[in-house]
Amino acid sequence: MAGSSNSAPASSIHTSSETGRLLPSATKCNSKEIDLDVSLPSPYTKSYLFELVITDKTHYRRFLYISLTLAFVVLALGLVPHFLPQNNRHHGHSKNLTLALNQAITFFDAQKSGSYPSNSPISFRGSSGLQDGNSSNIHADLVGGFYDSGNNIKFTFPAAYTITLLSWSVVEYHRKYADIGELEHIKDVIKWGSDYLLKVGSAGNDTKNPVPNDINCWQRPEDMRYKRPVSVCNETASDLAGEIVAALSAASIVFKQENEYSQRLIKKAEQIYEITAKEDRIHRAITYTTIDACGGEARKFYGSSGYKDELVWAATWLFFATGNHTFLDYATTNFAAAADDETTTDKGIFYWNNKLAANAVLFTRLRFFRDLGFPYEKALGLSTNMTDQLMCSYLSKQNFNRTPGGLILLSPGTGGPLQFAATASFLSKLYNDYLTLLRRSSWNCTNDGFSLEMLQSFSTSQINYILGDNPRKMSYMVGFGDHYPTHVHHRSASIPWDGQYHSCADGDRWLHSQDRNPNILLGAMVAGPDQFDDFSDEREKTWFTELSIAGNAGLVAALIAHHDPPRSSASNGPDLGLDIVGIFEKVHLDS
């Protein structure tokens, strides 16, 4: 912005008194009459207008024209930003978000398990896990899916969350994805995950949770020779089943143009939901069994703190996918109970273990743009209040601390702060877009009022921090910028792709090596710095260099939310690249 730089300087003429006499100089000599043929300093002030004699009018006109032209250019440069359309501004982003988004999505290509596609942009991966399911006593087809992080394990709970979040970002911002040529890319990632989730919940009433114990073997997935056991969770694992339902339902909206596949996803989601909801009614009076009671080794990595938020989350997405008000009835009726069940440490955090904050934003979206009236007013009103307070908590430093460099610390005791900051950035930018479309510029919190500019500044700051605007001047996304982590905790990235078989013992040499990873894991967001902005790029310090598909899902969602919208000639309101009505395609007032 030009500010006041384009204003003309003020001019003035100094006089001495009401009589118009000039003030005497500070020297005594100037107070006497001197008739000498010498040059003396002028007793007049600098702003006194002298009578000039122009000896060369051609040079004077040239000087005048040049001066006026320069003044006009300066003035124009100062005013141009004021007349640019609002939707073409970058809101402080100097980063190449298109490149960042492409790389963040490409990370999922590096995590694929199963028959590896020949057209993948990743050159150091191949087919792996082709006997998953058949090598155990389950004898199920569990080929495919994603490896969770730097290990060779496929965890269903965070994988389902990943597909739900990626699908949500497409439902909202598919026009942006299409505009930058990434729509088919992100849909391919979602389908790879949803195809696998269809397999996981395919046999009987049980939910499969493949959990091979590869913790003690540092080996590329293509070289795996050890057994890959599969744990089974029955219908009482409602948190796991609920997240699968949510993922299949959200994905069905993404693929609504592919009607046969979309209906297949919905049918499976409804089947799993019906079993889960039935067990919920039976077990409501007793201590409920969550994923912690099943899953074998998975409990050590992804132990759920509760199931109610997942059931509400599942019902909400099933409602949007089908338009069936029975699902909305369940979700709104149980929303308050889920809020009461939320742990203190999870409040205000959206991640694989807690969906309540995100569900409040979804309910608020419904209230803002497709208000269904009775009997949903109370629950939707509660969700709006909760969403407002969530945004206030992001902006007020009384709720959450920040690092000296400005990174919000939503769960300081668990490490990996970037995954939480990314989803906070996504939710706050998404809500900012909702309020912008409603032409609402501010709202009140308990003690203060906040504006959309403040919310925009917060959401942008977290993405910018991740991409390099931090005290270390390091991008925490591998491959982005000139300075990024090169020793990430990842088996495939750290072992050369040389056509040779590498045993577990061979892998240990690479695990403990001080050398950079021979393969660049493009787009992977690491766990991040500590509370003092310090970061150690060491492969064995997982609290710094670990990565996950769940964390990258939040990053992708935040990046697309902050990307500039497609250019539009629409003049009837702001064009934010947001699809307000698409999610409501099957939602009707008379359902």
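Reading guide: rules and limits
Residues numbered from 1 in each chain as written. Predicted model: local features only at pLDDT ≥ 70, side-chain atom pairs only at ≥ 80, totals over all residues. Heavy atoms only, no water. UniProt positions renumbered as here; feature names shortened; annotations may be inferred. Helix = DSSP H or I, 4+ residues; strand = E, 2+ residues; numbered from the N terminus. Buried < 20%, exposed > 50% of the residue type's maximum accessible area, 1.4 Å probe, protein only. Contact = heavy atoms within 4.5 Å. Areas by Shrake-Rupley, 256 points an atom, 1.4 Å probe, with all protein chains shown as cover. Axes fitted to C-alpha atoms, helices over the stretch in contact; angles between N-to-C directions. Parallel < 35°, antiparallel > 145°, perpendicular 65-115°, else oblique. Left-handed = near helix turned anticlockwise from the far one by under 90°. Nonpolar A, V, L, I, M, F, W, Y, C, P; charged D, E, K, R; others polar. Disulfide = S-S within 2.5 Å. Salt bridge = Lys/Arg side-chain N within 4 Å of Asp/Glu carboxyl O. Core = buried A, V, L, I, M, F, W, Y, C linked by side-chain atoms within 4.5 Å. 1 Å grid on protein atoms, 1.4 Å probe; cavity = no way out; pocket = protein on both sides within 12 Å on 5 of 7 lines; lining within 4 Å. Points joined across faces, edges and corners; volume = space filled by probe spheres on them. Phe/Tyr/Trp six-rings, centres within 6.5 Å; stacked < 30°, edge-to-face > 60°. Lys NZ or Arg CZ within 6 Å of the ring centre and 35° of its normal.

- Going by an unreviewed UniProt entry, the chain carries the name Endoglucanase and comes from Gossypium laxum.
- The UniProt entry for the chain carries the following text under Catalytic activity (unreviewed entry): "Endohydrolysis of (1->4)-beta-D-glucosidic linkages in cellulose, lichenin and cereal beta-D-glucans."
- As stated in UniProt under Sequence similarities (unreviewed entry), the record for the chain gives "Belongs to the glycosyl hydrolase 9 (cellulase E) family."

1. Brief notes about the overall build of the chain
So, point 1. Across its full length, the chain holds 16 helices and 6 strands.
So, point 2. Across the 591 residues of the chain, 55% fall into the buried class.
So, point 3. Counting only contacts in the chain whose residues sit at least 6 apart along the sequence, the fraction spanning at least 24 positions is 74%.
So, point 4. Within the structure as shown, the chain displays about 27,600 Å² of accessible surface, and the carbon and sulfur contribution to it stands at 53%.

2. Here we look at the packing of helix α8 (residues 325–341) against helix α9 (residues 356–369)
So, point 1. It is the contact of α8 with α9, at a shortest axis distance of 11 Å, that shows an interaxial angle of 135°. Of the possible angle classes, the one that applies to α8 and α9 is oblique. Crossing of α8 over α9 shows left-handed handedness. The residues of α9 that touch α8, namely those facing Leu328, Ala331, Thr332, Phe335, Ala338 and Ala339, are Leu356, Asn359, Ala360, Phe363 and Leu366.
So, point 2. Residues belonging to the contact of α8 with α9 are distributed by class as follows: 9 nonpolar, 2 polar and no charged.

3. Some words on the environment of phenylalanine 108
So, point 1. Position of phenylalanine 108 relative to the elements: it lies in helix α2 (residues 97–110).
So, point 2. Judged by its relative accessible area of 0%, phenylalanine 108 falls in the buried class.
So, point 3. C-alpha separation for the pair phenylalanine 108 and asparagine 552, spaced 444 residues apart in sequence, amounts to 8.3 Å.

4. Some remarks on the state of the cysteines
Covalently bonding the sulfur atom of one cysteine to the sulfur atom of another cysteine gives a disulfide.
So, point 1. Enumeration over the complete set of coordinates arrives at 2 disulfides.
So, point 2. Between the sulfur of cysteine 217 and that of cysteine 504 lies a disulfide, 1.9 Å long from S to S. Taking the sign of the torsion about the S-S bond as the criterion, the disulfide between cysteine 217 and cysteine 504, at about -85°, is left-handed. Taken together, the residues cysteine 217 in the loop between β1 (207–210) and β2 (230–233) and cysteine 504 in helix α14 (residues 504–511) connect sequence positions 287 residues apart.

5. Side note on the pattern of salt bridges
Pairing between side chains of opposite charge can happen when the charged atoms of each approach one another.
So, point 1. In this structure the tally under the stated criterion is 20 salt bridges.
So, point 2. A salt bridge links lysine 95 to aspartate 469; its shortest N-O distance comes to 2.8 Å. Highlighted residues: lysine 95 in the loop between α1 (57–83) and α2 and aspartate 469 in the loop between α12 (452–466) and α13 (491–494), separated in sequence by 374 residues.
So, point 3. Each of the salt bridges in this network shares a partner with another, and the network as a whole consists of Asp109, Lys112 and Asp188.

6. Here we look at the nonpolar core
So, point 1. Judged by nonpolar contacts, the single largest core of 156 residues is most densely connected at Trp168, Trp317, Phe320, Phe426, Leu427 and Trp443.
So, point 2. Examining the composition of this core, we find that 12 residues originate from one element, helix α3 (residues 156–179), more than from any other.
So, point 3. What phenylalanine 426 contacts, discounting residues up to four positions off in sequence, is Leu165, Trp168, Tyr173, Ala557, Ala558 and Ala561.

7. Observations regarding empty space enclosed by the protein
So, point 1. Per the stated rule, a full pass over the model turns up 4 cavities of 30 Å³ or more.
So, point 2. The volume enclosed by the largest cavity comes to roughly 90 Å³.
So, point 3. In this structure, the largest cavity is lined by Ser304, Ser305, Gly306, Lys308, Asp309, Ala338, Asp341, Glu342, Thr343, Asp346, Asn353 and Asn354.
So, point 4. Broken down by secondary-structure element, the contributors of at least two residues to the lining of the largest cavity are α7 (308–322) and α8.
So, point 5. Here the lining of the largest cavity is composed, by residue class, of 1 nonpolar, 6 polar and 5 charged.

8. Notes on the packing of aromatic side chains
So, point 1. Scanning the entire structure with this criterion turns up 27 aromatic pairs.
So, point 2. Between phenylalanine 368 and phenylalanine 369, the ring centres sit 6.1 Å apart and the planes meet at 90°, which makes this aromatic pair edge-to-face.
So, point 3. Ring geometry for tyrosine 394 against phenylalanine 458: centres 5.3 Å apart, planes inclined by 20°, an arrangement best described as stacked. Placement of the pair is tyrosine 394 in helix α10 (residues 377–395) and phenylalanine 458 in helix α12, with a sequence separation of 64 residues. In this pair, the class of tyrosine 394 matches that of phenylalanine 458, namely buried.
So, point 4. Taken together, the aromatic side chains of Tyr161, Trp168, Trp313, Trp317, Phe319, Phe320, Phe350, Phe426 and Phe584 make up a single cluster linked through ring pairs.
So, point 5. Over the aromatic face of tryptophan 192 sits the side chain of lysine 112, whose NZ or CZ is 4.6 Å from the ring centroid.

9. A few points about unusual backbone geometry
So, point 1. Between phenylalanine 374 and the following residue, proline 375, the backbone shows a cis peptide bond with an omega angle of 5°.
So, point 2. Secondary-structure assignment places proline 375 in the loop between α9 and α10.
So, point 3. The phi dihedral of lysine 473 is positive, around 55°, even though this residue is not glycine.
So, point 4. Summarising the element assignment, lysine 473 is placed in the loop between α12 and α13.
So, point 5. Unusually for a residue other than glycine, aspartate 533 sits at a positive phi of about 70°.

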